[in-house]
Amino acid sequence: MTAELTTLFRSVVFIGTAALFSFACADDTVEPQGFDNGRSDPSSTVSGGACKTNVECIGSPADRQFKNVRCRYEIYCSAGSCFAECQELCRSVNEDVSSCGDAGLCQPLGQNIFACTRKPISCTDRMDCPASVPPGVPRVDAGADAWRCEEGICQYPGYDYQTK
């Protein structure tokens, strides 16, 4: 009796799984509802909401628009408005060139994982700071070694973060 029930259960699970799979794959042109919020380009930046600091953008219209987008995104305040955008992956290969370009700084997130950020980078010591000179800032003699961890934020001579 137990073997018959096990076989019956496996058949029901297999049929149910196959039905769900065929239903989900019936029309590959239809995007799943609730993901990417109907956006064709999740790499674009959206704005929405007034702010003075990054913290004020949590829960803003820009933040809500990115809640279901499938990417690691950041929200930030710039020029009095909240923005949200997917973070690009980056790599610091040359200390004189940020691989993020205008997208900010290449922030270490973990072992061999880096992402572009426009927000101030938190630190406990110099090793938490970027390995390249910030974009648009004249290189000082120490190059990327001029980064300092001051009051828990990475600082570079002459560089002001785009956001607060």
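Anyway, here's the lowdown on the structure attached to this text. Note that the coordinates shown come from a computational prediction; the quantities given were computed from them, not determined experimentally.

This part takes up the overall build of the protein. Assigned secondary structure in the protein consists of 2 helices and 7 strands. Reading the protein from its N end, one meets helices and strands in the order α-β-α-β-β-β-β-β-β.

As enumerated under the stated definition, the model contains 5 aromatic pairs in all. Ring centres of Trp147 and Tyr156 lie 5.3 Å apart, and the angle between their planes is 55°; on these two criteria the pair is classed as tilted. Like Tyr156, Trp147 is buried. Among the aromatic residues, ring-to-ring pairing joins Trp147, Tyr156, Tyr159 and Tyr161 into one connected group.

Below, the discussion takes up the sheet that holds strand β1 (residues 46-50). Taken in spatial order, the 3 strands of this open sheet run β1-β3-β2, and their pairing is antiparallel. Sheet topology places β1 and β2 (73-78) at the edges, where each strand pairs with a single neighbour. Averaged over all pairs of adjacent strands, the angle between their axes in this sheet comes to 25°, without regard to strand direction.

Our next topic: the pattern of salt bridges. Across all of its chains, the model carries 3 salt bridges by this definition. In this structure, the salt-bridge partner of Glu85 is Arg118, at a minimum N-O distance of 2.6 Å. In this pair, Glu85 is assigned in strand β3 (residues 81-86) and Arg118 in the loop between β5 (113-117) and β6 (148-150), connecting sequence segments 33 residues apart. The class for Arg118 is buried, based on a relative accessible area of 16%. The partner of Asp145 in a salt bridge is Arg126, and the shortest N-O contact between them spans 3.5 Å. Within this pair, whereas Asp145 is found in the loop between β5 and β6, its partner Arg126 is found in the loop between β5 and β6, the two being separated by 19 residues in sequence.

Cut-offs and rules
- Residues numbered from 1 in each chain as written.
- Predicted model: local features only at pLDDT ≥ 70, side-chain atom pairs only at ≥ 80, totals over all residues.
- Heavy atoms only, no water.
- Helix = DSSP H or I, 4+ residues; strand = E, 2+ residues; numbered from the N terminus.
- Phe/Tyr/Trp six-rings, centres within 6.5 Å; stacked < 30°, edge-to-face > 60°.
- Buried < 20%, exposed > 50% of the residue type's maximum accessible area, 1.4 Å probe, protein only.
- Pairing = 2+ DSSP bridges.
- Axes fitted to C-alpha atoms, helices over the stretch in contact; angles between N-to-C directions.
- Salt bridge = Lys/Arg side-chain N within 4 Å of Asp/Glu carboxyl O.

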